[in-house]
Amino acid sequence: MNQLLALSGPELVFGLVGAVGSDLGAVTRTLTAELERVRYRVEEIHVSSLLHQLDSYAHLGRRAFASEFDRIREHMKGGTDLRNRMGTGEVMAVLAISAIRQRRILRQPHLPQDEAGKQPLERTAFVIRSLKHPDEIQMLRYVYGGAFNVISTYMPRRDRVEELAATIAESRGETYTDRFRAQAEELIQIDEQEQNKLGQSVRDSFPCGDFFVDARSSERLQAGLARYVRLLFGHPFETPTRDEFAMFHAYAAALRSADLGRQVGVAVTNQDGSILAVGCNDVPKVGGGLYWSGESPDHRDFVKGVDSTSRFKRQLLAQALARLRDAGWRPPDNSPGDADSLLAAGMLNGTQIQNLLEFGRSVHAEMSALSEAAHRGIAVEHASMYTTTFPCHLCARHIISAGIRRVVYIEPYPKSLARELYEDMIDVDPCVARPDRVTFEPFVGVAPSIYTEMFRATDRKDSRGNAIAWIDGKAQPRLKRFVASYLLIEGGVLGNVLPVILARSAGSRVLEETSI
């Protein structure tokens, strides 16, 4: 019987996510150097430049901008405009897929025209710089599966403001950067999350990362990416860090939650990294703890069929509107005057009434973990807390009171007012931890969603019991492909979606060729 063999040197795709002002150029250069160590060739794809191939946005590639501020802002507007034209957030990812197909065509001139671009390139990695919407990530994962890796780059906001202001100043031939800080802040605000749901949304894209890298220094960046590449290529002795181990437990705890809003998990550790307590967000059980699946009775919210917070928001708004009407107020013509219509129309999105947290029945994950520790008589003073989502301001007070000194998080939580309410007690993303503050810092390392895949041991010893030596020049990816089936999915996307993009944006010949 013939043995089915994996394809040698399968194609890999890397998507970079980083807020504007992050040095993704340094990330690309460092990643390229590390991939070259394992004998992979890198093809870099700039997503924003793909707009230039579409007739409606070709002027962005020809125009001489007055400054880097204008160039970045106009490309942001162009990407958002195209997503709105298409009515979907994945459109830039489709252009990136088209660019990958085009790179293959250029590298395969020896193949017949109908086959060029449809055969994988051996030991080739495509680096897509950069992704700005979670739908783009979802599309690329749909097409490339396990070959697609998202690298989210962390750099503190103040550093990004300074870097961006300096870049804008330099583009204008000036050296005084402070006068350009407002422009830098404007770009960062747009980049984080536009009001338009199809606009730029790095805030939602960043947590989708498979690996979170610290770009505050070239040393941290190089060490982080070198380790990630070693993990991707099966290094048998790369084991989890304390933070990765703890965040995986927090992630596992989150999966227990049946909350109608979101799943959040927390793990509390001592200074040695041992787990002291875990918790998730769900309705509390009489006698202590939370409900387990299969228990009876079960009073969780999904059993009742309603989120109490949403119900109380409607009631509070209806009460306020009734008082206003009793006082003689009338809604403007053609404007909804009832609570349900106002909420359904999205007219209150972004307001504090939509951010109310106080009326939920669920114990928050942070409170759940602290309650578990108290129930078991475990002290958490000087402990670290790992949470899949940035703590809300309600939990922040308990974190401070309990004596937690360090909080590590993945997802941001815009509703949280913790920074504003406790600015004299907590430091968010500080350069240096202060003994009189609780430190809140983003997670760096392997994402908990791929933890078991990355740290599952490969062969570690030979037949004589000797430790196997990992040699970068001979390493093979953990990913095993036996059939390049993703090329069929890629072709389907380009055949079905790309023509629509071209039609709605008066498309170009170059992109049309890749959809064949």
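Everything below is about the structure shown above.
Residues numbered from 1 in each chain as written. Predicted model: local features only at pLDDT ≥ 70, side-chain atom pairs only at ≥ 80, totals over all residues. Heavy atoms only, no water.

Tell me about empty space enclosed by the protein, and name the residues and values.
One pass over the structure, following the stated rule, counts one cavity of 30 Å³ or more. In terms of lining, the largest cavity is formed by His 235, Pro 236, Glu 238, Met 454, Phe 455, Arg 456, Ala 457, Thr 458, Arg 460 and Arg 478. Grouping the constituent residues of the lining of the largest cavity by class yields four nonpolar, two polar and four charged. (1 Å grid on protein atoms, 1.4 Å probe; cavity = no way out; pocket = protein on both sides within 12 Å on 5 of 7 lines; lining within 4 Å. Points joined across faces, edges and corners; volume = space filled by probe spheres on them. Nonpolar A, V, L, I, M, F, W, Y, C, P; charged D, E, K, R; others polar.)

Describe the pairing of strand β4 (residues 148-154), with residues and values.
Taking burial as the measure, the seven residues of β4 include seven buried ones, the bulk of the element. Residues Phe 148, Val 150, Ser 152 and Tyr 154 point to one face of β4 and Asn 149, Ile 151 and Thr 153 to the other, with burial holding for every one of them. As paired elements, strand β1 (residues 12-18) and β4 share six bridges and run parallel to each other. When the sheet's bridge partners are listed, Leu 16 is paired in β4 with Ile 151. Across four bridges, β4 lies against strand β5 (residues 211-214) in parallel orientation. Residue Thr 153 lies in a different strand from β5, and its bridge partner there is Val 213. (Buried < 20%, exposed > 50% of the residue type's maximum accessible area, 1.4 Å probe, protein only. Helix = DSSP H or I, 4+ residues; strand = E, 2+ residues; numbered from the N terminus. Pairing = 2+ DSSP bridges.)

Please provide a residue-by-residue account of the pairing of β5, values included.
Neither face of β5 is open: one carries Phe 211 and Val 213, the other Phe 212 and Asp 214, and all of them are buried. The sheet contact formed by β5 and strand β12 (residues 445-446) spans two bridges and is antiparallel. Within β12, the residue paired with Phe 212 across the bridge is Gly 445.

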